[in-house]
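Structure at a glance
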Amino acid sequence: MSKFLEYAKEEILASGDNFISIAEIIGNSDPETIEIRKNNPCQDIYSVAKAFVVTAIGMCVDRGLLKITDTVTEALGKSCPETYHEYWKETTVHNLLLHQIHVPSSLDIDSLDANEFGEDYLSYFMNLECLGKPGGERRYTDGAFYVLSRIVEEKVGETTDNFLWRELFFPLGFREAAWSHCPKGHVIGATGLYIRVGDMAKLGAIYLNGGAYKGKRYISEEWANTVLSNGYELRPIGIGSSYCKGGMYGQQLMVIPEEQRVVSWQSFHPGHSKADLTRKAAEYRD
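Below: a short report on this structure. All values reported here derive from a predicted model rather than from experimental measurement.

Moving on, we get to the overall build of the protein chain. Across its full length, the protein chain carries 10 helices and 11 strands. Along the longest, intermediate and shortest principal axes, the C-alpha atoms of the protein chain span 55 × 40 × 35 Å. Of the contacts formed within the protein chain by residues at least 6 apart in sequence, a portion of 67% connects residues at least 24 apart. When the accessible surface of the protein chain is summed, it comes to about 11,800 Å², and 46% of that surface belongs to carbon and sulfur atoms. Of the side chains in the protein chain, 29 bear a positive and 39 a negative charge, and the two mean positions are spaced by 3 Å.

This is the structure in structure tokens:
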């Protein structure tokens with residue numbers, strides 16, 4: 001058993017936090033997983049799902065299907081609603097990836113009643129009255145990543161989850177995965193991805209290794225660098241060169257380049273983690 005995982009389990013049990021499981025990957029190794037509390041093997045990773053959408057966008061960019069400077073209306077093509085707020089003509093894929101859109105509502109199915117968005121989520125979201133032009137201030141919204149998932153779907157000709165099953169999940173050896181859909185059958189993108197904690201860590205290993213893992217390339221090194229330099233969901237935590245993406249109730253995907261370590265965990269604690277595992281993982285040295 002990994003020394004770090006043993007250390008992390010001790011810290012968690014001492015804190016009383018409701019962690020479920022933790023996984024660790026060193027370099028190109030297979031993930032090692034430790035269970036803290038009995039639970040279902042697949043958990044909702046909430047907003048960590050956005051990092052998978054970022055990766056799907058990168059696959060489209062790598063294939064020449066998309067540019068981050070494309071406007072949303074251009075990128076959506078025939079999927080674009082007949083009516084939409086005029087600011088969407090100025091909003092780029094880059095703006096979406098940075099949450100640089102200013103709308104009064106989101107498509108947060110975790111906290112809001114999903115029925116209030118109607119049947120057509122894309123039309124609902126793109127017809128909201130924008131509060132300002134795109135760019136500038138970052139205003140976090142799940143809606144941006146629903147739109148990004150719809151862009152992926154338009155470019156590859158199938159749902160984002162079906163595309164990623166073939167291009168990412170199956171090649172990585174995911175044991176199972178399920179993703180929430182809107183009433184019209186499109187992947188939510190921003191949240192609602194149910195996977196195992198070890199499989200979650202494999203995405204971090206791809207970015208740790210410049211777009212490849214265990215001898216297979218999934219995204220270009222250029223896209224991996226673009227994600228990290230722009231902070232497309234995987235953002236620095238201010239300790240060394242570590243970066244991470246978190247999700248509601250304490251989900252975390254974390255990369256610690258100094259140690260060639262990826263750590264992911266699934267949990268369910270609505271408040272602040274007393275174990276402060278993010279800091280401890282970044283500072284831990286074998």
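There is more to say, and it comes next.
Let us now look at the pattern of salt bridges. Across all of its chains, the model carries 21 salt bridges by this definition. A salt bridge links Arg 166 to Glu 158; its shortest N-O distance comes to 2.6 Å. Given a relative accessible area of 21%, Glu 158 falls into the partly exposed group. One salt bridge in this structure joins Arg 261 and Glu 259, with 3.5 Å as the shortest N-O distance. For Arg 261, a relative accessible area of 1% translates into the label buried. Salt bridges sharing common partners tie together Glu 24, Glu 259, Arg 261, Arg 285 and Asp 286.

It is worth spelling out the nonpolar core at this point. Phe 52, Ile 57, Leu 168 and Tyr 207 are the most contacted members of the largest nonpolar core, which has 74 residues in total. Counting residues per element, this core draws most heavily on helix H2 (residues 49-62), at 9 residues. Setting aside residues no more than four positions away along its own chain, Tyr 207 makes contact with Val 54, Thr 55, Ile 219, Trp 223, Ala 224, Val 227, Leu 234 and Tyr 243. In terms of nonpolar packing, the next biggest core, distinct from the first, is built from 17 residues, Phe 19, Ile 22, Ala 282 and Tyr 284 among them.

Along strand S9 (residues 243-247), 4 of the 5 residues are buried, which leaves the element largely enclosed by surrounding structure. Bridge count between strand S8 (residues 235-236) and S9: 2 bridges; the pairing is antiparallel. Across the sheet, the residue bridging to Arg 235 is Cys 244, located in S9. Connecting S8 to the next strand, S9, in antiparallel fashion are 6 residues, including Gly 238 with a positive phi near 90°. With 5 bridges connecting them, S9 and strand S10 (residues 251-256) associate as antiparallel partners. Bridge pairing in S10 places Cys 244 opposite Met 254. Count of turn residues in the S9/S10 antiparallel hairpin: 3 residues, of which Tyr 249 carries a positive phi of about 65°.

Before going further, it helps to examine the pairing of strand S11 (residues 261-267). In terms of residue burial, S11 counts as a mostly covered element, since 7 of its 7 residues are buried. Taking every second residue as pointing to the same face, both faces of S11 are buried, with Arg 261, Val 263, Trp 265 and Ser 267 on one and Val 262, Ser 264 and Gln 266 on the other. Here strand S1 (residues 19-26) runs beside S11; their pairing, made up of 7 bridges, is antiparallel. Each residue of the ladder has a partner; that of Ile 25, found in S11, is Val 262. Examined bridge by bridge, S10 and S11 share 5 bridges and lie antiparallel to one another. Counted as the bridge partner of Leu 253 is Ser 264 from S11. Here S10 folds back onto S11 in antiparallel fashion, the turn holding 4 residues, of which Gln 260 has a positive phi close to 50°.

This part covers the sheet that holds strand S4 (residues 177-179). Taken together, the 3 strands give an open sheet; going across it, the order is S3-S5-S4, and neighbouring strands pair in antiparallel fashion. Edge strands, defined here as strands with exactly one partner in the open sheet, are strand S3 (43-44) and S4. By the bridge criterion, 2 bridges tie S3 to strand S5 (residues 193-195) in an arrangement that is antiparallel. Among the inter-strand pairings, Asp 44 is bridged to a residue of S5, identified as Tyr 194. Its contacts with the sheet put helix H7 (residues 160-169) on S4 and S5, and the angle it makes with S4 is roughly 155°.

Okay, H7 next. All of the buried residues along H7 are Thr 160, Asp 161, Phe 163, Leu 164, Leu 168 and Phe 169. In an axial view of H7, the angular spread of the buried residues amounts to 155°, which keeps them on one side of the axis. Of the surrounding elements, those touching the buried residues of H7 are H2, helix H6 (142-156), S4, S5 and helix H8 (197-208).

Calculation criteria
- Residues numbered from 1 in each chain as written.
- Predicted model: local features only at pLDDT ≥ 70, side-chain atom pairs only at ≥ 80, totals over all residues.
- Heavy atoms only, no water.
- Helix = DSSP H or I, 4+ residues; strand = E, 2+ residues; numbered from the N terminus.
- Contact = heavy atoms within 4.5 Å.
- Areas by Shrake-Rupley, 256 points an atom, 1.4 Å probe, with all protein chains shown as cover.
- Lys, Arg positive; Asp, Glu negative; His and termini not counted.
- Charge placed at Lys NZ, Arg CZ, Asp CG, Glu CD.
- Salt bridge = Lys/Arg side-chain N within 4 Å of Asp/Glu carboxyl O.
- Buried < 20%, exposed > 50% of the residue type's maximum accessible area, 1.4 Å probe, protein only.
- Core = buried A, V, L, I, M, F, W, Y, C linked by side-chain atoms within 4.5 Å.
- Pairing = 2+ DSSP bridges.
- Axes fitted to C-alpha atoms, helices over the stretch in contact; angles between N-to-C directions.
- Arc of directions from axis to C-beta.

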